[in-house]
Amino acid sequence: MRDLVLIAVFAVAVLLLPLFVTSGFLLNLVVMTLYLALLGQAWNILGGFGGQFSFGHAVFFGTGAYAMAVLQVKLGVNAWVALPAALALGAAVGLLVGALSFRYGLKGSYFALVTLAFAEVFRILANTFQFTGAGVGIQIPLRASAADMQFAGRAGFLYTILALCVAGQLVAVWLRHSRYGAWLQAVRDNEESAAALGVDVFRVKLVAIAISGALMSAGGAFYLQFFRHADPHLAYGPAISVEALLAAIVGGMGTVFGPLLGAAALHALGETTRSLMENAPGVNLVAYGVLLVVIVMFLPRGIMGLFQRKS
């Protein structure tokens, strides 16, 4: 109940933000923080709650982005209609990756490398076929209309990503308190013991990767509408996967609000380093690495560990 109240308070605060903040820079910062929080929560569903570490979540992100682009540009489908289709396709790709990985007992570093390989295969495919724009990618036309999920100001995008982010938070709350969530966390802690107690390990992990894939594809779909372009290197590149896992690890894996806190910390750190060292490109990546080392060494439970009682 407390988690739901906190989510409601957070959502109301963000909804009221455009009434008091007119700076496009600040609104854009909040939008991108929520966007990264969504990616982090998508990774957290599988990696934090399920214990299945992925290095290739970009395969779901790119699928969502390209599904939105192809449906709109090539088939003339409205963006709001294309969005659930993109989520469904992301979940389907998750089922494919999970079926091929979990059926043969891949876990740990082997599963992480398999997901990375899937992302690279999808990148090569998107770079090859003409209907995905090959190496150039796909640019969607500008239609500044809420009916087309494009907005003249930042407020519309803010409300859209807020809805998607809150949906991810609610999924995490469900995992914290549902029977399925207990099964998933049991599988994370010890697969053999969970199986001995009657948990269908394969099915539990398969559902988790499908949910994770759907949420990650939602992030890809939003990215496309926000920036209006998708290309193979960006959509299926490793940078997206790294950002997603960093947000979850820094904030606190297996928690409801960890990815949100991690996203806020990473964006604050990134903007600070860029403003202080404008002539040093890539310094924000160095800062991310230092932050990750500090978190792993001194806060293994992430930032959320500061707010949790020591057991």
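Residues numbered from 1 in each chain as written. Predicted model: local features only at pLDDT ≥ 70, side-chain atom pairs only at ≥ 80, totals over all residues. Heavy atoms only, no water.

S.K.: Give me unusual backbone geometry: which residues, what numbers.
M.R.: Phi at Ala 134 takes a positive value of approximately 50 degrees, unusual for a residue other than glycine. Structurally, Ala 134 is set in the loop between α5 (109–126) and β1 (138–139). A residue is classified by how much of its surface remains accessible, and Ala 134, at 12% relative accessible area, is buried. Non-glycine residue Arg 228 carries a positive phi angle of around 65 degrees. The topology assignment puts Arg 228 in the loop between α9 (201–227) and β2 (229–230). The class of Arg 228 is partly exposed, set by a relative accessible area of 23%. (Helix = DSSP H or I, 4+ residues; strand = E, 2+ residues; numbered from the N terminus. Buried < 20%, exposed > 50% of the residue type's maximum accessible area, 1.4 Å probe, protein only.)

S.K.: I'd like to hear about the packing of helix α4 (residues 79–102) against α5, residue by residue, with values.
M.R.: As a packed pair, α4 and α5 sit with axes 11 Å apart at the nearest point and diverge in direction by 135 degrees. Taken together, the axes of α4 and α5 lie oblique to each other. The chirality of how α4 crosses α5 is right-handed. Together, Val 93, Val 97, Leu 100, Ser 101 and Phe 102 of α4 and Phe 111, Val 114, Thr 115, Phe 118 and Phe 122 of α5 make up the contact between the two elements. Of the residues in the contact of α4 with α5, the class split is 8 nonpolar, 2 polar and no charged. (Axes fitted to C-alpha atoms, helices over the stretch in contact; angles between N-to-C directions. Parallel < 35°, antiparallel > 145°, perpendicular 65-115°, else oblique. Left-handed = near helix turned anticlockwise from the far one by under 90°. Contact = heavy atoms within 4.5 Å. Nonpolar A, V, L, I, M, F, W, Y, C, P; charged D, E, K, R; others polar.)

S.K.: Please give an account of the packing of helix α3 (residues 58–74) against α5 that cites residues and values.
M.R.: Running from N to C, α3 and α5 point in directions that differ by 30 degrees, and their axes come no closer than 9 Å. Accordingly, the angle class assigned to the pair α3 and α5 is roughly parallel. Between α3, through Val 59, Thr 63 and Tyr 66, and α5, the contact on the second element is made entirely by Phe 118, Ala 119, Phe 122 and Ala 126. When the residues that make up the contact of α3 with α5 are grouped by side-chain class, the tally is 6 nonpolar, 1 polar and no charged.

S.K.: Break down a nonpolar patch on the surface for me, with residues and values.
M.R.: On the surface, Val 12, Leu 15, Leu 16, Leu 19, Phe 20 and Tyr 159 cluster together to form a nonpolar patch covering roughly 620 Å² of accessible area. For the nonpolar patch, the element with the highest residue contribution is helix α1 (residues 2–20), accounting for 5 residues. Residue position: Val 12 is located in helix α1. (Patch = residues over 30% accessible without salt bridge, like charges linked within 9 Å, V, L, I, M, F, W, Y side chains within 5 Å. Areas by Shrake-Rupley, 256 points an atom, 1.4 Å probe, with all protein chains shown as cover. Salt bridge = Lys/Arg side-chain N within 4 Å of Asp/Glu carboxyl O.)

S.K.: How would you summarise the pattern of salt bridges if you had to cite specific residues and measurements?
M.R.: Under the counting rule described, the total for this entry stands at 6 salt bridges. Across the pair Arg 123 and Glu 120 runs a salt bridge, and its minimum N-O distance is 2.7 Å. Of this pair, Arg 123 and Glu 120 both sit in helix α5, separated by 3 residues, roughly a single helical turn. Classification of Arg 123 as partly exposed rests on a relative accessible area of 23%. Judged by its relative accessible area of 36%, Glu 120 is partly exposed.

S.K.: Can you lay out the packing of aromatic side chains for me, pointing to particular residues and giving the numbers?
M.R.: A full pass over the atoms with the stated rule returns 16 aromatic pairs. Aromatic pair Phe 129 and Phe 131: ring centres 5.8 Å apart, planes at 35 degrees, arrangement tilted. With 5.4 Å between their ring centres and 15 degrees between their planes, Trp 174 and Tyr 180 make a pair best called stacked. Residue classification places Tyr 180 among the buried positions, given a relative accessible area of 11%. Following the ring pairs from residue to residue traces out a cluster consisting of Tyr 35, Phe 61, Phe 151, Phe 157, Phe 222, Tyr 223, Phe 226 and Phe 227. Here the basic side chain of Arg 103 rests over the ring of Phe 202, its NZ or CZ set 4.0 Å away from the ring centre. (Phe/Tyr/Trp six-rings, centres within 6.5 Å; stacked < 30°, edge-to-face > 60°. Lys NZ or Arg CZ within 6 Å of the ring centre and 35° of its normal.)

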